[in-house]
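Results of the structural survey
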Amino acid sequence: MKRFFYFSMMAIAMMMFACSTSSSTPSDALLEYVDLLKAGKYEKFVEGMAFKEGLTQEQIQEQKAMWTSLLQEKGAKEYEKLGGLKGIEITSEEISEDGNSAVIKFKQTFGDGTTKDGSQAMVKRDGKWLMDINK
């Protein structure tokens, strides 16, 4: 649950930014996904998650449904407790030498004045940057 909370906090924190669906950088892609989350488009947000390779299509659909439900039921409520998101700053983007993975570091500021640093691993699959939830 702690991992879910951290992930949902990071994701919602970046929701103030929007980019095109053909994001060229991992940061742009992450910001795009968070914008979907802000708009309440949880199913589309979950499409931006990289699930463990080797899962069957049925297993992936089950995981997507689980994440969508968790975000709808619990993620938004946690942000409300913090007074919503006031701002976010991406502090770094480190792309691997092979160009297929990255780590984005950021700082979130909430409406109640608290701040939180975080990071999100990203992976490139089929030419598209996805949030790596397996790291």
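Residues numbered from 1 in each chain as written. Predicted model: local features only at pLDDT ≥ 70, side-chain atom pairs only at ≥ 80, totals over all residues. Heavy atoms only, no water.

**Remarks on the nonpolar core**
For the record, the criterion: Put simply, a nonpolar core is a bunch of buried Ala, Val, Leu, Ile, Met, Phe, Trp, Tyr and Cys residues held in one set by side-chain atoms that sit within 4.5 Å of each other. Partly exposed residues are those whose accessible area sits between 20% and 50% of the maximum for their type, while under 20% is buried and over 50% is exposed, using a 1.4 Å probe and protein chains only. The helix count covers DSSP runs of H or I at least four residues long, the strand count covers runs of E at least two residues long, and both are numbered beginning at the N terminus.
By size, the foremost hydrophobic cluster in this structure holds 22 residues, and its most contacted members are Tyr33, Phe45, Met49 and Met122. Contributing elements (two or more residues each) for this core: helix H2 (26–38), helix H3 (42–46), strand E1 (49–50), helix H4 (57–81), strand E3 (101–110), strand E4 (115–125) and strand E5 (128–132). Ranked by residue count, the leading element in this core is H2, at 5 residues.

**Some points on the pattern of salt bridges**
Under the convention used in this document: In the sections that follow, a salt bridge refers to a side-chain nitrogen of Lys or Arg positioned within 4 Å of a carboxyl oxygen of Asp or Glu.
Inspection of the entire model under this criterion finds 3 salt bridges. Here Glu78 makes a salt bridge to Lys81, at a shortest N to O gap of 3.6 Å. Of this pair, Glu78 and Lys81 both sit in helix H4, 3 residues apart, which is roughly one turn of the helix.

**What to know about H4**
Stated precisely, the cut-off is as follows: Expected helix span is given by 1.5 Å per residue-to-residue step, counting one fewer step than there are residues. Note on bend: the value at a residue is the angle between axes fitted to the seven residues ending there and to the seven starting there.
With 25 residues, H4 extends 36 Å from end C-alpha to end C-alpha; this agrees with the ideal 36 Å at 1.5 Å per step. At Leu71, H4 shows its strongest bend, of approximately 40°. Every buried residue of H4 is accounted for by Ile60, Lys64, Trp67, Thr68, Leu71, Gly75 and Tyr79. Gly83 lies just past H4 and shows a positive phi near 80°.

**Describing unusual backbone geometry**
A negative phi holds for most residues other than glycine; trans holds for most peptide bonds. One non-glycine residue with positive phi stands out, namely Asp126, at about 50°. When you line up the elements, Asp126 lands in the loop between E4 and E5. Taking the relative accessible area as the measure of exposure, Asp126 reaches 85% and is therefore exposed.

**Points about the side chain of Lys64**
Keep this limit in mind: Any two residues having at least one pair of non-hydrogen atoms within 4.5 Å are treated as being in contact.
Looking at the element boundaries, Lys64 is found in helix H4. For Lys64, a relative accessible area of 14% corresponds to the buried category. Excluding its chain neighbours within four sequence positions, the residues that come into contact with Lys64 are Val46, Glu47 and Phe51.

**Some points on the pairing of E4**
Note the following rule: When DSSP finds two or more bridges between two strands, those strands count as paired.
Bridge analysis of E3 against E4 gives 9 bridges, and the strand direction is antiparallel. Paired with Phe106 across the two strands is Gly118, which belongs to E4. Here E3 folds back onto E4 in antiparallel fashion, the turn holding 4 residues, of which Gly113 has a positive phi close to 95°. Once E4 ends, the chain turns through 2 residues before running back antiparallel as E5, passing Asp126 with a positive phi of about 50°.

**Describing H2**
Over its 13 residues, H2 extends 18 Å from the first C-alpha to the last, a length consistent with the 18 Å expected when each residue adds 1.5 Å. Taking burial as the measure, the 13 residues of H2 include 10 buried ones, the bulk of the element. What H2 keeps buried is the set Pro26, Ser27, Ala29, Leu30, Leu31, Glu32, Tyr33, Val34, Leu36 and Leu37. Looking one or two residues beyond H2, the residue adopting positive phi is Gly40, at roughly 80°.

Any functional reading would require information that these geometric values do not contain.
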